[in-house]
Amino acid sequence: MSQRIVTVFGGSGFIGRHVVRRLAKEGAQVRVAVRDPETANYLRLMGGVGQIVPVPTDINDPASVARALQGADQAVNLVGILFEAGKQRFQQVHTDAAASIADTSKTAGVRDLVHVSAIGADVKSDALYAKTKGLGEVAVKKAFSGVTILRPSIVFGPEDGFFNLFAGMSRLAPVLPVFGCPAWPKVSVFSDKGLIDVDFYGDGGTKFQPVYVGDVADAVMKALESHETAGKVYELGGPNVYSSEELMALMLRIIGRRRILLPIPFWVLNIMGFFMEALPKPFITRDQVKLLRRDNVVSRRAKKLQDLGIAPTAAESVLPTYLARFRIPRRNSVAKS
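Owing to the predicted nature of the structure, the values given are computational and were not obtained by experimental measurement. (Residues numbered from 1 in each chain as written. Predicted model: local features only at pLDDT ≥ 70, side-chain atom pairs only at ≥ 80, totals over all residues. Heavy atoms only, no water.)

K.L.:
Would you mind going over the overall build of the protein in detail, with residue names and values included?
P.N.:
Per the secondary structure count, the protein includes 10 helices and 15 strands. For the C-alpha atoms alone, the extent of the protein along its principal axes is close to 75 × 65 × 40 Å. The burial tally for the protein puts 47% of its 337 residues in the buried class. (Helix = DSSP H or I, 4+ residues; strand = E, 2+ residues; numbered from the N terminus. Buried < 20%, exposed > 50% of the residue type's maximum accessible area, 1.4 Å probe, protein only.)

Take a look at the structure:
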């Protein structure tokens, strides 16, 4: 039996490296389609000699995409950006490139295609990120009817850009942000006891359902292994839903640090985004503020990780394994003789 060939677009990224490792473990020949193969050379060590091959691919060039897919049995599209910068535009990456990969996969005779989108993908969204993700899904379904679409919530794991970012900030900053809190604090007066209660956080801000990167990679593998997922959409979230305030509190508890949680309403975030958009890697953009106005959680009627036979991993069980480096070091007391 010949070795199956799987082309992974964006395989050098956060989710990609976990998918590539699993594919190699199962004996697949893996082509990692990336702009710069040099950035993906580290993936070679995850498999045998010649098993994992980074190939230079321009997702905006149909001929380049076709070369990456030539002779492939299966394909995975993990390409995506969080903000626009330079020539990288949402429409170009999330919609046009996704359509090209799906169309070329069909033409090349690829048997199975897995397209990784995002929770909140919606052609009617006022956030360009979510709108182009939604348009990408529509284009992919039109070109490759048997595609499996996976929509993860915020993904966590050793290399994530969320918990590592804020844990790193906590080393220097005395305050950490809580996104999407009320514009003005709510004041409650208890006249019988003369007490005044001030609620700064409301319901805790935007809700998230963090999903473990290993579970997302497992979902990709399940979709490649089972024909039952063809043509279906799955929303991937962890076992628990957290508010923005709860996520920050959880992270601080794990690293053993105390910081002030500063409630930031959307109008303030909008101003911050306006000025930060000019930075090479902005902390937040106005488009991301639009995303934050909507909770990032799995829909009630959506197909989930459990429908793929995967038990979601709790953030509490994984975060301590890689956030330990942010903990305040303890001084070892030396006993006097």
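K.L.:
I'd like to hear about the sheet that holds strand β1 (residues 5-9), residue by residue, with values.
P.N.:
If you walk across this open sheet you meet the 7 strands as β3-β2-β1-β4-β5-β6-β13, and the pairing is parallel. With one partner strand each, in any of the chains shown, β3 (52-56) and β13 (233-236) form the two edges of the open sheet. Between one strand and the next, the sheet's axes are offset by a mean angle of 20°, whatever the strand orientation. Relative to β13, strand β6 (residues 148-152) is paired through 4 bridges, and the arrangement is parallel. Paired with leucine 150 across the strands is tyrosine 234, a residue of β13. In the packing of helix α6 (residues 213-225) onto the sheet, the strands contacted are β4 (74-77), β5 (112-116), β6 and β13, and the crossing angle to β5 comes to about 155°. (Pairing = 2+ DSSP bridges. Axes fitted to C-alpha atoms, helices over the stretch in contact; angles between N-to-C directions. Contact = heavy atoms within 4.5 Å.)

K.L.:
Pulling in residues and values, what's your account of the pattern of salt bridges?
P.N.:
One pass over the full model with this rule turns up 9 salt bridges. Arginine 111 is the salt-bridge partner of aspartate 112, the closest N and O atoms lying 3.1 Å from each other. Overall, the relative accessible area of 11% leaves aspartate 112 in the buried class. Residue class for arginine 111 comes out partly exposed when judged on its relative accessible area of 46%. Ionic contacts of the salt-bridge type, sharing partners, join the residues Glu137, Arg151 and Glu235 into one network. (Salt bridge = Lys/Arg side-chain N within 4 Å of Asp/Glu carboxyl O.)

K.L.:
Can you break down the nonpolar core residue by residue, with the values?
P.N.:
Leu23, Val30, Val32, Val76, Leu150, Val220 and Leu236 are the most contacted members of the largest nonpolar core, which has 34 residues in total. The set of elements that each furnish at least two residues to this core consists of β1, α1 (14-25), β2 (29-34), β5, α6 and β13. Beyond its immediate chain neighbours, meaning those up to four positions away, valine 220 contacts Val19, Val76, Val114, Val116 and Leu150. Counting 32 residues, the second largest nonpolar core, distinct from the first, contains Tyr242, Met251, Ile254 and Ile264. (Core = buried A, V, L, I, M, F, W, Y, C linked by side-chain atoms within 4.5 Å.)

K.L.:
Tell me about the packing of aromatic side chains, and name the residues and values.
P.N.:
Throughout the structure, instances matching the rule amount to 10 aromatic pairs. With a centroid separation of 6.2 Å and 50° between ring planes, the pair formed by phenylalanine 162 and phenylalanine 208 is classed as tilted. A residue pair is termed long-range when its members are at least 10 positions apart, and phenylalanine 162 in the loop between β7 (155-156) and α5 (163-169) and phenylalanine 208 in strand β11 (residues 207-208) qualify at 46 residues. Using a relative accessible area of 15% as the deciding quantity, one classes phenylalanine 162 as buried. Given the relative accessible area of 8%, phenylalanine 208 is considered buried. Judged by centre distance (6.0 Å) and plane angle (80°), the ring pair of phenylalanine 166 and phenylalanine 283 falls under edge-to-face. On the criterion of sequence distance, the pair formed by phenylalanine 166 in helix α5 and phenylalanine 283 in the loop between α8 (266-276) and α9 (286-292) is long-range, its members being 117 residues apart. Residue classification places phenylalanine 166 among the buried residues on the basis of a relative accessible area of 4%. Aromatic rings pair up to connect Phe156, Phe162, Phe163, Phe166, Phe179, Phe208, Tyr212 and Phe283 into one cluster. Above the face of the phenylalanine 144 ring, lysine 106 is positioned so that its terminal group lies 5.1 Å from the ring centre. (Phe/Tyr/Trp six-rings, centres within 6.5 Å; stacked < 30°, edge-to-face > 60°. Lys NZ or Arg CZ within 6 Å of the ring centre and 35° of its normal.)

K.L.:
Go over the pairing of strand β8 (residues 175-179) with me, naming the residues and quoting the values.
P.N.:
Within β8, 4 of the 5 residues are buried, leaving the element largely enclosed by the surrounding structure. Bridge count for β8 against strand β15 (residues 260-264) is 5 bridges, and the pairing is parallel. What sits directly across from phenylalanine 179, in β15, is isoleucine 264.

K.L.:
Hey, could you go over α8 for me, with residue numbers and the actual values?
P.N.:
In an α-helix, one full turn covers 3.6 residues, which means residues spaced three or four apart are oriented alike. The complete set of buried residues in α8 reads Phe266, Leu269 and Gly273. Looking down the long axis of α8, one finds its buried residues gathered within 55° of arc, a one-sided arrangement. In this structure, the buried side of α8 is in contact with β8, β15 and α9. (Arc of directions from axis to C-beta.)

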